[in-house]
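Residue-level listing of the chains:
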Amino acid sequence: LVLLGDPGSGKSTLLAHLARHAHAHGLLIMSSPLPAATPSTGSALLELLAGQADAGTGLLVLVDDAHWLDSASLDALAFVSRRLACRRIAIVAATLGAAPPPGLTGIPQLHLGPLAPADAAVLLDAQPTPPGGAIRARVLAQAAGNPLALTELSLAAAQNPALARHHVTIPLAPTARLTAGSSRSPAANTAV
């Protein structure tokens, strides 16, 4: 499965949840970006993973930030994904954007979009210091359903109670974590 979504949409959080769930059910977990691959890496990776599956242990392979993998590593991951469908192995790769990186096309995809307004409100209420009133409305509007933006803007609002006195059209200042999350996109590093 390829998880697709914008920065802060919850891809890494979902991978962490999958890892905890798999661990609780006795599955072996491999979680790491693949190193730069060579043309024979796909076969070697296939043998390694198939060996684990044949040993009777289920296996979950998690690859976060797959958009940063080189083309040979993506090809190796795709090669293995197509050949292990009948084994007790699940491969989940998370990547930025609306389309998978070249090499991972043809693999089932799950697009993580923004949270629905009701779900965004639930997440905001679950924060240690959920904002109220006009600040709450500003956080919900500015975050636009992005889970990371909701949590980080809630934190920013809690750290600056004077925000309630500011005009409601002034955007909340993003936290360092929120700014870093949006700059992780490969597209953010290319000239326009």
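Predicted model, so just to flag it, every value in this text is computed and none were measured. (Residues numbered from 1 in each chain as written. Predicted model: local features only at pLDDT ≥ 70, side-chain atom pairs only at ≥ 80, totals over all residues. Heavy atoms only, no water.)

S.K.: Describe the packing of helix H4 (residues 117-125) against helix H5 (residues 133-143), and please don't skip the residues or the numbers.
M.R.: Axis separation between H4 and H5 bottoms out at 11 Å; the angle between their running directions is 125 degrees. Accordingly, the angle class assigned to the pair H4 and H5 is oblique. The way H4 lies across H5 gives a crossing that is right-handed. Contact residues: Ala120, Ala121, Leu124 and Asp125 in H4; Arg136, Val139 and Leu140 in H5. By residue class, the composition of the contact of H4 with H5 is 5 nonpolar, no polar and 2 charged. (Axes fitted to C-alpha atoms, helices over the stretch in contact; angles between N-to-C directions. Helix = DSSP H or I, 4+ residues; strand = E, 2+ residues; numbered from the N terminus. Parallel < 35°, antiparallel > 145°, perpendicular 65-115°, else oblique. Left-handed = near helix turned anticlockwise from the far one by under 90°. Contact = heavy atoms within 4.5 Å. Nonpolar A, V, L, I, M, F, W, Y, C, P; charged D, E, K, R; others polar.)

S.K.: Lay out the pattern of salt bridges in plain terms, naming residues and giving numbers.
M.R.: Note that side chains of opposite charge can pair when their charged atoms are close. Taken as a whole, this structure holds 1 salt bridge when the rule is applied. A salt bridge links Asp125 to Arg136, with the nearest nitrogen and oxygen atoms 2.7 Å apart. Highlighted residues: Asp125 in helix H4 and Arg136 in helix H5, separated in sequence by 11 residues. With a relative accessible area of 45%, Asp125 lands in the partly exposed category. (Salt bridge = Lys/Arg side-chain N within 4 Å of Asp/Glu carboxyl O. Buried < 20%, exposed > 50% of the residue type's maximum accessible area, 1.4 Å probe, protein only.)

S.K.: Lay out unusual backbone geometry with the relevant residues and their values.
M.R.: Of note in the backbone geometry, Asp65 takes a positive phi value of approximately 55 degrees without being a glycine. Within the secondary structure layout, Asp65 lies in the loop between strand E3 (59-63) and helix H3 (71-83). You will see that Ala144, though not glycine, has its phi angle at about 50 degrees, which is positive. Within the secondary structure layout, Ala144 lies in the loop between H5 and helix H6 (147-159). Residue class for Ala144 comes out exposed when judged on its relative accessible area of 51%.

S.K.: Residues and numbers for the confidence of the model for the protein, please.
M.R.: For the protein, mean pLDDT is 81; residues scoring 70 or higher make up 76% of the total. The secondary-structure element of the protein with the lowest mean pLDDT is helix H7 (residues 176-182), recorded at 61, while H4 shows the highest, at 97. Contacts for the low-pLDDT stretch residues 185-192, under 50 throughout, to residues beyond four places or in other chains number 9 contacts. (pLDDT = per-residue confidence, 0-100.)

S.K.: Give a description of the nonpolar core that names residues and reports values.
M.R.: Counting 21 residues, the largest nonpolar core has Leu49, Val63, Val80, Leu84 and Leu104 as the members making the most contacts within it. Residue assignment for this core shows that the elements contributing at least two residues are strand E1 (2-5), helix H2 (41-54), E3, H3 and strand E4 (89-96). The next biggest cluster of nonpolar side chains, apart from the first, holds 9 residues, and it includes Leu124, Ala143, Ala149 and Leu150. (Core = buried A, V, L, I, M, F, W, Y, C linked by side-chain atoms within 4.5 Å.)

S.K.: Tell me about the sheet that holds strand E2 (residues 28-31), and name the residues and values.
M.R.: Here 5 strands make up an open sheet; going across it, the order is E2-E3-E4-E1-E5 and the pairing parallel. Two strands close off the open sheet at either side, each with one partner strand: E2 and strand E5 (109-112). Neighbour-to-neighbour, the strand axes of the sheet open up by a mean angle of 20 degrees, direction not taken into account. Pairing geometry for E2 and E3, over 4 bridges, is parallel. Within E3, the position partnered with Ile29 by the bridge is Leu60. Of the strands in this sheet, E1, E2, E3, E4 and E5 touch helix H1 (residues 11-24), which is tilted by about 165 degrees from E3. (Pairing = 2+ DSSP bridges.)

S.K.: Before we move on, can you summarise the side chain of His67 with the specific residues and values?
M.R.: If you trace the backbone, His67 turns up in the loop between E3 and H3. With a relative accessible area of 14%, His67 lands in the buried category. At a separation of 3.0 Å, a polar atom in the side chain of His67 contacts the side chain of Trp68. (Polar contact = N/O pair within 3.5 Å; in protein donor to acceptor, adjacent residues only side chain to side chain.)

S.K.: A description of H4 should follow, citing residues and the corresponding values.
M.R.: The set of residues buried in H4 consists of Ala120, Ala121 and Leu124. In a view along the axis of H4, the buried residues occupy a sector of 100 degrees, so they form one face of it. Along H4, the residues that are exposed and aim more than 90 degrees away from the buried face are Ala118 and Val122. Those residues of H4 that are buried lie in contact with H5 and H6. (Arc of directions from axis to C-beta.)

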